[in-house]
Every structure is written in C-alpha cells, then in structure tokens.
Amino acid sequence: MAADVQAGRGGEEPGGALAPGDGQHGERADSPTPGLAQGTEPGAGQEGAMFVHTRSYEDLTSPEDGGAAARSPEERRGEAAGPSSMEQISKDFSELSTQLTGMALDLEEEMRPGKEGKLEPAPQAARHDSVLSGKEEEDVTMDAWRMHRKHVFVLSEAGKPVYSRYGSEEALSSTMGVMMALVSFLEADKNAIRSIHADGYKVVFVRRSPLVLVAVARTRQSEQEIAHELLYIYYQILSLLTWTQLNHIFQQKQNYDLRRLLAGSERITDNLLDLMAHDPSFLMGAVRCLPLAASVRDAVSTSLQQAKAKSLVFSILLSGNQLVSLVRKKDQFLHPIDLHLLFNLISSSSSFREGEAWTPICLPKFNSSGFFHAHISYLEQEMDLCLLLVSTDREDFFTVSDCKRRFQERLRRRGVHHALQEALRTPFYSVAQVGIPDLRHFIYKSKSSGLFTSPEIEAPYVREEEKERLLGLYQYLHSRAHNSSRPLKNIYFTGPRENLLAWVTSAFELYICYSPLGTKAGAISAVNKLMKWIRKEEDRLFILTPQTY
C-alpha cells in the first residue's frame, strides 16, 4: 500500500452558516477547477441552501449547550417549545414509546416521590432485563461476543448501564463501571480521557453530561470518526427525550436507570449503527438525493409547498435513505444530522407502512430542548415513498393529515405519479453511465448544498464484506483528509485490489475508486471527466432549487 499526499493550507476549511453570501451563486463555472468558489461547484443550490451547514463532523465536537443559543433570533423563530415538567415528559415519551413498541411507559409513575421526598422506582420498574431490552442478548463471556469488530456502550455518569450494542447491559454493568472509573480518575487530575490504543483496538470515549459513550473498535476508522458515530448515538437519544428532559431526569435522580424510559427504542439505535456501517451519508455528513428528472422534482416540491399548514416547519418526501424533496419554512434550516435521524426512525420500524403515525420527535441540532410532532405515512403501500410533515402543534394531526391528502391530489393533477414510480424502479445509477472504463465507484459531496451523490456499488464489490471493505477505504481517506493536526487536500492511494484518490477543497469533496491497473495520470484525467459529468447531470442528482413556504 502506498499513498501520495499533499497537505492543505491551514484555515482553508470555511466555518459558520451554510447559506452563501450575496453573489456566490452569480457565476457557475462551466468546468470545475481546484480554485472553484464554494457555492458554484457542481451540485450547489442556485437559490439558497436547505441545510444549516455541510461540514462533515467537525461541528459535532462542540459541547452540547441544550438549546439554540448559538443561532440568531431570526433562526430561532418557529421552534417548538420545550416542556420540562415530569408530567409532560411522561406524556410525550409515552406517545413515542407506544408508536415503537405498543407499550406506553409512565415516567411520572417510575420516578414517583417516596419517603422524605426522595425519588424511588415504582414496583413495575423492576422488570426482567429481557423486557427492558426487547432483544436477544449474547453471552458476554463467549468468544463470539469478543469477536465483534465494534462495540458501543452508553452509561450514565453514575455508572449505570444505558445501552450496549451486543450483550446484556446487566451482564456488562461491571465493565461499564470500570469505564466510568477511568473517566473519573483522569477528571480528578483535571484531565479528560479521549482514547486508548492497544493491540489494534481503539477505545474512544465521548462525554456528554449526563451520559458517557464508549466505543471499542478494530476498524480502519480514525478516533475522530468513531467519536463522530458516538455523537450520532447521543443525538439519537436526545431525539427521543430532548436535552432538557434528559438533564431534568438526572437532576432529580443521579443514579436513575435510563433503560426504563428508553425500553423498546434499542432497535432504533441498533439500526442507526447498522446504517453507519454501510451508508456513506454519515461519513460525509451529507444527504443523498434520489436521481430524478428536474421537472419531476420541481413538480413534487411545488406540490409540497402548496399543501401547507400554519404549523408546518418541514415537509420531507423520501425513498429509503434518499431524499426526494424537502420544503422548509422560510428562515428555518434543517441540519443533515437531524435528517439522518429521521431517516433512521423510519427505516427502523415497518409499522409506519400500516397507516398515518403522529409521533413526538426532537431534532437535536435544530432545537435540542423541545419536541416537534411528525406526521409519518407512506403515499401508497406498494410505493417506497414516505412523507414526513413536521409540525410545531401537537394538536394539529387532522390539519396536517389533510396536507397529505392535498399533496397527493396535486401530484395526480400534475401527472408526475407515473414518473415517480419509474424513478423508484431504479433508485441508483450505474457507474458505467459516467463512461470512464477504469472507474469502479465514487463519492462526490457539494459542501454548499449539503448533498452528495454516488453510484450503486457494483462488481467486484458484490459481497457484503467487500462493500464494507470499500467503505473502510473511504473512511481511511476521509480520516487522513480531515486529520485535526495535519489535514490533507490530495491523497493518492495504491493497493493490491484497487487504487483510490481523494480531493478535498473548500467547495467539494471527491473520493474515487478505480482499477489497480490504472495510473496516477489516468486517475487525474478521470477526475476531470467525472466532474464534467456531474456538472452535466447535476439537476438530476441534486436539488438545485429548494422551495420554502
């Protein structure tokens, strides 16, 4: 294995809000160049941005402040209010828990005041661990448990188990106690543990009070990327509880067993970890669009825009984990992480196909303090098209449900129903369409739009382990390009089974995989041809004209 690298200049990566300043969209280059300005690269939206920003994971390392303090008053308008009473916590989460498991949990009962006003668990809280977890547990003493390539643990600052990817939390309570002891020992010396590296393993710690998240991995991922995944798990928990309610719970009782409240939601977290293992969306910190003719997408977006209600903040149409259309309230920007969490919620439960669901959901990167209410339904049983209508009003179910009906009527009136069905038959395009013989696969991300595109993974990456190996190579290149101490702009990687090239600029990121028989000169030529092809196809691969209410 060999790699040629070129370091990037410090400070080239832009920060702050995504929405480009005036004039950035004035000129769109005919052919991309290394000096292409952000906002004019292939895939950049021509009429503003959909997402708050598009940096892949750097922002995730900032401490959670529990609210939207970093946003301007204009950005905070229309956010959902954040109830903090135990009665409201119980009511909101019981609705969500019933949606996921058919079993409502009453937090107020579980944390009822006992003698001397102390909080005590209710008798029914002492249920068997298998009831709490709702999944088949592995024996943590067996070699098969140790052989997993990545373990994820979540515990409270009191050392109480919250979640384990594999095995029973009860059986791992002593192990989690040791993890918390390591964290506390270093904190006593006013220090913080970030990672341990030994025998090919990386043990990564992320602390987000009142929780501690730990991963034990033997993968190609960097410490930073593993921490990125742990933060997704943290945000997944916040999406179920809100930051305000999570902190309120542990202020009331530091050693509270959070599994009682999260019972039934383990499969959502499991599904998120499965998605992160094979979907590059999480690595890129971006969203992939369903390939669709621009005229059809515009008709869908216009139909969504017209089927609106006063309480709606976001209207989202998706297929699988690909975005078809997103319409937002003016001055309100969704974060890619929040959209990923919504995708995960839908893909983790088949019950949403059975009718119209109305469920509380927190979008932690938009506002971690309160719940929105989401209307979730599929347009038709036989079509993989799911509609999410995100509302600020918990009592507005019937109004929002009527928005779905009006949206479907407009789709039929505009005659795009058949075109959507055709697009769903081929949700991915083949790399052969690019017309570069040695090209096997690529990932291209437009930083200003927060969107990325990549073809279907094809031969020779047919088996699941080969697909995981390819993603592992992308993870390696990504970690080198985004290394906090020495970020790189260009990487040329040669291996026995494929060659790869990474090119990271202030405007876009590009990772390509091609035949091991190819040359470096051929790879550079392929990049130029590929970028021209993406420019030519950008109105089909990206959302260039996002709509607002």
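Residues numbered from 1 in each chain as written. Predicted model: local features only at pLDDT ≥ 70, side-chain atom pairs only at ≥ 80, totals over all residues. Heavy atoms only, no water.

**Topic: the overall build of the protein chain**
For step 1, the next point in the chain: Counting its secondary structure elements, the protein chain contains 17 helices and 18 strands.
For step 2, the next point in the chain: Taken over 549 residues, the protein chain has a buried fraction of 57%.
For step 3, the next point in the chain: If you take every contact in the protein chain between residues at least 6 apart in sequence, the share linking residues at least 24 apart comes to 68%.
For step 4, the next point in the chain: Total accessible area on the protein chain stands at roughly 22,600 Å², and carbon and sulfur atoms take up 50% of it. (Helix = DSSP H or I, 4+ residues; strand = E, 2+ residues; numbered from the N terminus. Buried < 20%, exposed > 50% of the residue type's maximum accessible area, 1.4 Å probe, protein only. Contact = heavy atoms within 4.5 Å. Areas by Shrake-Rupley, 256 points an atom, 1.4 Å probe, with all protein chains shown as cover.)

**As for the nonpolar core**
For step 1, the next point in the chain: The biggest cluster of nonpolar side chains holds 92 residues, and the ones touching the most others in it are L258, I316, L339, F442 and L530.
For step 2, the next point in the chain: The residues contacting F442, other than those within four sequence positions of it, are Y429, V431, V434, T453, S454, P455, Y474, Y511, I512, L530, W533 and I534. (Core = buried A, V, L, I, M, F, W, Y, C linked by side-chain atoms within 4.5 Å.)

**Concerning the packing of aromatic side chains**
For step 1, the next point in the chain: Taken as a whole and judged by the stated rule, the model has 14 aromatic pairs.
For step 2, the next point in the chain: With 5.6 Å between their ring centres and 45 degrees between their planes, Y429 and W533 make a pair best called tilted. Taken together, the residues span a long stretch of sequence, with Y429 in the loop between α15 (417–425) and β13 (439–446) and W533 in helix α17 (residues 520–541) at a distance of 104 residues.
For step 3, the next point in the chain: Across the ring face of Y429, the terminal group of R540 is positioned such that the distance to the ring centre comes to 5.8 Å. (Phe/Tyr/Trp six-rings, centres within 6.5 Å; stacked < 30°, edge-to-face > 60°. Lys NZ or Arg CZ within 6 Å of the ring centre and 35° of its normal.)

**Digging into the side chain of S303**
For step 1, the next point in the chain: Mapped onto the secondary structure, S303 falls in helix α12 (residues 294–306).
For step 2, the next point in the chain: Leaving out residues up to four positions away in the same chain, S303 has contacts with F407, R410, L411 and R414.

**Regarding the sheet that holds strand β18 (residues 547–548)**
For step 1, the next point in the chain: Across the sheet, 6 strands lie side by side as β10-β11-β12-β8-β9-β18; this open sheet has mixed pairing. Edge strands, defined here as strands with exactly one partner in the open sheet, are β10 (357–361) and β18. (Pairing = 2+ DSSP bridges.)

**Section: the pattern of salt bridges**
For step 1, the next point in the chain: Applying the stated criterion to the full structure yields 21 salt bridges.
For step 2, the next point in the chain: Here R425 and E422 are joined by a salt bridge, their closest N and O atoms 2.2 Å apart. Here E422 and R425 lie together in helix α15, a separation of 3 residues that amounts to about one turn.
For step 3, the next point in the chain: You can call R425 exposed: its relative accessible area is 55%.
For step 4, the next point in the chain: A relative accessible area of 37% places E422 in the partly exposed class.
For step 5, the next point in the chain: The shortest N-O distance in the salt bridge between R497 and E466 comes to 3.5 Å. Of this pair, R497 sits in the loop between β15 (488–494) and β16 (499–504) while E466 sits in helix α16 (residues 464–481); the two residues are 31 residues apart in sequence, bridging distant segments of the chain.
For step 6, the next point in the chain: For R497, a relative accessible area of 45% puts it in the partly exposed group. (Salt bridge = Lys/Arg side-chain N within 4 Å of Asp/Glu carboxyl O.)

**Notes on α12**
For step 1, the next point in the chain: Compared with an ideal rise of 1.5 Å per residue, which puts 13 residues at 18 Å, α12 spans 18 Å between its outermost C-alpha atoms and is within 8% of the ideal.
For step 2, the next point in the chain: For α12, the set of buried residues is V296, R297, A299, V300, S301, S303 and L304. (Expected span 1.5 Å × (residues − 1).)

**So, the packing of helix α7 (residues 223–241) against helix α8 (residues 243–252)**
For step 1, the next point in the chain: Between α7 and α8, the shortest axis-to-axis distance is 7 Å and the interhelical angle comes to 85 degrees. Relative to α8, α7 is oriented roughly perpendicular. Packed against α7, whose contacting residues are Y234, L238 and L241, the element α8 presents W243, Q245 and L246 at the interface.
For step 2, the next point in the chain: Of the residues assigned to the contact of α7 with α8, the class counts are 5 nonpolar, 1 polar and no charged. (Axes fitted to C-alpha atoms, helices over the stretch in contact; angles between N-to-C directions. Parallel < 35°, antiparallel > 145°, perpendicular 65-115°, else oblique. Nonpolar A, V, L, I, M, F, W, Y, C, P; charged D, E, K, R; others polar.)

**Comments concerning unusual backbone geometry**
For step 1, the next point in the chain: The linkage connecting S209 with the following residue, P210, adopts the cis geometry, with an omega of 10 degrees.
For step 2, the next point in the chain: Positionally, P210 belongs in the loop between β5 (201–208) and β6 (211–217).
For step 3, the next point in the chain: In this structure, P460 follows A459 across a cis peptide bond, with omega equal to 10 degrees.
For step 4, the next point in the chain: Within the element layout of this structure, P460 appears in the loop between β14 (451–453) and α16.
For step 5, the next point in the chain: One non-glycine residue, T242, lies in positive phi territory at about 80 degrees.

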